[in-house]
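# Descriptive structure summary
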Amino acid sequence: MSEAIFLVKLAQILEVSKEDMTEQFKLDYGNWDSLTLVATIAAIDEQFGVTVPIRQLTACASVRDLLELIRGRLAQS
Amino acid sequence: MSTAKAAIKAISFYLPPGKLTNEQLAQEFGDWDAEKILAKTGIAVRSIAAADECASDLGVAAATQLFGSGACSNREIDFLLFCTQSPDHFAPATACLIQDRLKLRTDCGAIDFNLGCSGFVYGLTLAKSLIETSTATNVLLITAETLSKFINLKDRSVRTIFSDGAAATLVSSVDSDDELIGPFVFGTDGSGGQDVIIPAGGLRRPLTPESEIEKEDHSGNWRSERNFYMNGPEVFNFALQTVPRALDQLLRKCGLRMDEIDYFILHQANRFMLDRLRDKLKIPSDKFWIDLEMYGNTSSSTIPIALRVARETGAIKAGDKVAIIGFGVGYSWAAAIVHII
């Protein structure tokens, strides 16, 4: 459930439609500014209660990678 | 047993008259509008020191107001603590120059210490230690910063947030059964030193023609090695992890529950971060200070400015137990309980 809510938020942050925000959605950090990054960190913290290291976050090539990173952090916490 | 305890007796603050508004920023940066800047940062106006206005000048102005308020006379101060990261010179200590300008006694101790957003809380622990060991009776703690002098005009990541300013806090010895400042918790993690830094201009990297070269970063902001740099996302992560832990340690140390703390004043970094921290810490909004609109992020002075304004507006009152938390450059952080008298 929280993953679905998170994806809606991520769509808002990246200013794309929520229908486009699937696991296949490509994350192109090259187009992110620092505010986008901060907003994403905040949304992850809000939905899952975990923080993700910036280097690992910016290494995510797709939403699937990002969700796997979050799941990994949740399993550790 | 009633013994000499340190307490915050009075606070004054001073902001230089030069201002930078969201409208000016929106005009300069084109693709941002003033409302968006206000919504993200919570800041409408920043104060900017003039070219000939240094941290000492702001500190002297704040302290002059403090003495003018009748809280105490300049001749009663027996120790001056000056917190800045923008000193007038490498040497002498700016505190020595301020002693002379404020006409403090020559048997007054005076030292500088270099911290940013955690600096006020560290200053309080130094003041308390001086007073409760009977080394001093009236400690003047001045926090003052002119970060704008290090900020590149084409770096909106920090220009939108930081503001120049100073606060003068009188910490005095009073007879009390209870501890009025403290307990404290502290923290340091120098592995984050590169995340908030002015790389060149010290002795590790002296100023050279190379350190003046401006480069564009990933987000379209420009800066040189002599400019102030902040890695916003890393600092945000640091705050999300560190502030809840520090508050938890503080509550354990003082044996109080969250609901027994009357008010929470965190370093006023920016609205976005404070909103997230308040939500994470589950603090009701009527017990949590967010007021950056007219002040901006003045680094070490945000907490004393907040304490003064919160007292004036009635948000905090005599007898309240207030949790204060400073965090930032270093990384350095500290939290404390302050009893309002």
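About the criteria used
- Residues numbered from 1 in each chain as written.
- Chains lettered and ligands numbered in written order.
- Predicted model: local features only at pLDDT ≥ 70, side-chain atom pairs only at ≥ 80, totals over all residues.
- Helix = DSSP H or I, 4+ residues; strand = E, 2+ residues; numbered from the N terminus.
- Rg over C-alpha atoms; globule rule 2.2 N^0.38 Å.
- Buried ≥ 20, exposed ≤ 12 C-beta atoms within 10 Å, placed from the backbone.
- Contact = placed C-beta atoms within 7 Å.
- Pairing = 2+ DSSP bridges.
- Axes fitted to C-alpha atoms, helices over the stretch in contact; angles between N-to-C directions.
- Arc of directions from axis to C-beta.
- Domains from an automatic or database assignment.
- Parallel < 35°, antiparallel > 145°, perpendicular 65-115°, else oblique.
- Left-handed = near helix turned anticlockwise from the far one by under 90°.
- Nonpolar A, V, L, I, M, F, W, Y, C, P; charged D, E, K, R; others polar.
- Core = buried A, V, L, I, M, F, W, Y, C linked by C-beta atoms within 7 Å.

So, about the overall build of chain B. Scanning chain B for helices and strands turns up 9 helices and 15 strands. In terms of C-alpha radius of gyration, chain B reaches 19 Å, essentially the compact-globule figure of 20 Å for 341 residues. C-alpha atoms of chain B, sized along the principal axes, occupy 60 × 45 × 35 Å. For chain B, with 341 residues in total, the buried portion stands at 49%. Nonlocal contacts in chain B, meaning residues at least 24 apart in sequence, comprise 78% of its contacts between residues at least 6 apart.

Paired through their backbone hydrogen bonds, the strands of a sheet run either parallel or antiparallel. Residues and elements named next belong to chain B. Taken together, the 5 strands give an open sheet; going across it, the order is 1-7-6-4-5, and neighbouring strands pair in mixed fashion. Strands with a single pairing partner mark the edges of an open sheet, and in this sheet they are strand 1 (3-14) and strand 5 (109-113). Between one strand and the next, the sheet's axes are offset by a mean angle of 20 degrees, whatever the strand orientation. Two strands pair when backbone bridges link them, and strand 1 and strand 7 (residues 165-176) are joined in this way by 11 bridges, in the antiparallel orientation.

The subject of this paragraph is the sheet that holds strand 8 (residues 181-188) of chain B. Residue and element names in this part refer to chain B. Reading across from one edge, 8-15-14-13 is the order of the 4 strands in this open sheet, with mixed pairing throughout. Single-partner strands in this sheet number two, and they are strand 8 and strand 13 (263-266). If you compare each strand with its neighbour and ignore which way they point, the axes differ by 15 degrees on average.

On to the interface of chain A and chain B, then. Each partner contributes residues to the interface: chain A has 11 residues there, and chain B has 14 residues. It is helix 2 (residues 34-48) of chain A that provides the largest number of residues to the side of chain A that touches chain B, a total of 8 residues.

Residues and elements named next belong to chain B. Buried within helix 4 (residues 94-101) we find Thr94, Ala95, Ile98 and Gln99. Down the axis of helix 4, the buried set is contained in an arc of 145 degrees. They therefore lie on one face. Contacts from the buried residues of helix 4 go to helix 3 (55-68), strand 4 (79-83), strand 5 and strand 6 (138-145). Immediately downstream of helix 4, the backbone of Lys103 shows phi near 55 degrees, a positive value.

All names here are of chain B. Along its sequence, chain B is organised into domain 1 (3-178) and domain 2 (182-339). Facing the 44 residues of domain 1 at the interface are 47 residues of domain 2. Of all the secondary structure elements, the ones that give two or more residues to the side of domain 1 that touches domain 2 are strand 1, helix 2 (34-41), strand 3 (45-47), helix 5 (119-132), strand 6, helix 6 (156-159) and strand 7. Sort the elements by how many residues they give to the side of domain 1 that touches domain 2 and helix 5 lands first, with 7 residues.

The subject of this paragraph is the packing of helix 2 of chain A against helix 7 (residues 232-254) of chain B. Contact geometry of helix 2 of chain A with helix 7 of chain B gives a least axis separation of 9 Å together with a crossing angle of 20 degrees. The orientation of helix 2 of chain A relative to helix 7 of chain B falls into the category roughly parallel. Where helix 2 of chain A crosses over helix 7 of chain B, the handedness of that crossing is right-handed. In this structure, helix 2 of chain A uses A:Ser34, A:Leu37, A:Val38, A:Ile41 and A:Asp45 to contact helix 7 of chain B, whose residues at the interface are B:Gly232, B:Pro233, B:Phe236, B:Asn237 and B:Leu240. Its residues placed into classes, the contact of helix 2 of chain A with helix 7 of chain B shows 6 nonpolar, 3 polar and 1 charged.

What follows deals with the nonpolar core. All names here are of chain B. Core analysis: the biggest nonpolar cluster contains 118 residues, and Ala62, Leu80, Ala166 and Ala335 have the highest contact counts within it. Considering each element in turn, this core owes the most residues, 9 residues, to helix 7. Here this core gathers at least three residues from each of two domains, domain 1 (3-178) and domain 2 (182-339). Discounting chain neighbours no more than four positions away, the residues touching Ala62 are Ser12, Phe13, Tyr14, Ile142, Ala166, Ala167 and Ala168.

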